Amino acid sequence: MPADEKELNANLFDQLTLIERIERSLKSGGEKGVEEEIEILKKEINRKLYQQPPLKSE
């Protein structure tokens, strides 16, 4: 869960950015373009999830 409003807004901004990228891919490359964009997005998300060192210590 987000700790505060600023963190929540950052998460929502990231989600909106992802949707906009997928929409652009659909318009320019059709279904194949969207599939490629989704694969790129998944790799970017995984890099953030498993980065070393982690953003905050637990």
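Residues numbered from 1 in each chain as written. Predicted model: local features only at pLDDT ≥ 70, side-chain atom pairs only at ≥ 80, totals over all residues. Heavy atoms only, no water.

*Asks:* What am I meant to see in the side chain of Glu37 here?
*Replies:* Counting through the fold element by element, Glu37 comes out in helix H1 (residues 5-49). Residue classification places Glu37 among the buried residues on the basis of a relative accessible area of 13%. Polar side-chain contacts of Glu37 include one of 3.4 Å to the side chain of Ser25. (Helix = DSSP H or I, 4+ residues; strand = E, 2+ residues; numbered from the N terminus. Buried < 20%, exposed > 50% of the residue type's maximum accessible area, 1.4 Å probe, protein only. Polar contact = N/O pair within 3.5 Å; in protein donor to acceptor, adjacent residues only side chain to side chain.)

*Asks:* Explanation requested: H1 in the structure shown.
*Replies:* Helical geometry: 3.6 residues make up each α-helical turn, so side chains three or four residues apart lie on a common side. The end-to-end C-alpha distance of H1 is 21 Å, clearly below the 66 Å that 45 residues give at a rise of 1.5 Å each. At Gly29, H1 shows its largest bend, some 140°. Listed in full, the buried residues belonging to H1 are Ser25, Gly33, Val34, Glu37 and Leu41. The backbone nitrogen of Lys6 lies 3.2 Å from a side-chain oxygen of the residue at the head of H1, namely Asp4. (Expected span 1.5 Å × (residues − 1). Bend = angle between axes of the 7 residues up to and from the residue.)

*Asks:* For this particular structure, what's the right way to read the pattern of salt bridges?
*Replies:* Between side chains of opposite charge, a pair can form as their charged atoms come close. Within this structure, the stated rule accounts for three salt bridges. Note that Glu44 and Arg21 form a salt bridge whose closest N and O atoms lie 3.0 Å from each other. Its salt-bridge partner being Glu39, residue Lys42 comes within 3.0 Å of it at the nearest N-O pair. With Lys42 and Glu39 both in helix H1 and three residues apart, the pair spans about one turn of that helix. Taking the relative accessible area as the measure of exposure, Glu39 reaches 39% and is therefore partly exposed. Three or more residues joined by partner-sharing salt bridges are found here, namely Arg21, Glu37 and Glu44. (Salt bridge = Lys/Arg side-chain N within 4 Å of Asp/Glu carboxyl O.)

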